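# Structural overview for review
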Amino acid sequence: MRDALFPVLSVAVLVLTAAGIVWRARNKRWVRDAQLALNAQPRLSLILPVFLVLFAAVTVILGVGSLESRFAYGWG
């Protein structure tokens, strides 16, 4: 059960993180406020979301790798 649950949850976290970033970026007012807060530099407003998605992807890869090597405690 545990071997099947953790990969599904980690993929769900990855998908929800990416969906949340896309959903927030659709709100033009939020993007404008974020750009103003970052001194109107649009590239800087993408740094945090990109790192969040990369971190979620790396976590999924490490978690699936630890399960494949029969090291289920790596998820803890």
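Everything in this summary refers to the structure shown in the same document. (Residues numbered from 1 in each chain as written. Predicted model: local features only at pLDDT ≥ 70, side-chain atom pairs only at ≥ 80, totals over all residues. Heavy atoms only, no water.)

Moving on to the overall build of the protein chain. A tally of helices and strands in the protein chain yields 3 helices and 0 strands. Start at the N end of the protein chain and walk to the C end: the helices and strands fall as α-α-α. Counting all 76 residues of the protein chain, 16% fall into the buried class. Put simply, 61% of the contacts in the protein chain that link residues at least 6 apart link residues at least 24 apart. Put simply, the protein chain shows about 6,200 Å² of open surface, and 70% of that area lies on carbon and sulfur atoms. (Helix = DSSP H or I, 4+ residues; strand = E, 2+ residues; numbered from the N terminus. Buried < 20%, exposed > 50% of the residue type's maximum accessible area, 1.4 Å probe, protein only. Contact = heavy atoms within 4.5 Å. Areas by Shrake-Rupley, 256 points an atom, 1.4 Å probe, with all protein chains shown as cover.)

Moving on to the pattern of salt bridges. This model, assessed by the stated rule, comprises 1 salt bridge. Taking the shortest distance from any N to any O, the salt bridge between Asp-33 and Arg-32 comes out at 3.5 Å. Taking the relative accessible area as the measure of exposure, Asp-33 reaches 39% and is therefore partly exposed. (Salt bridge = Lys/Arg side-chain N within 4 Å of Asp/Glu carboxyl O.)

In short, the description is geometric, and any link to function would need to be established separately.
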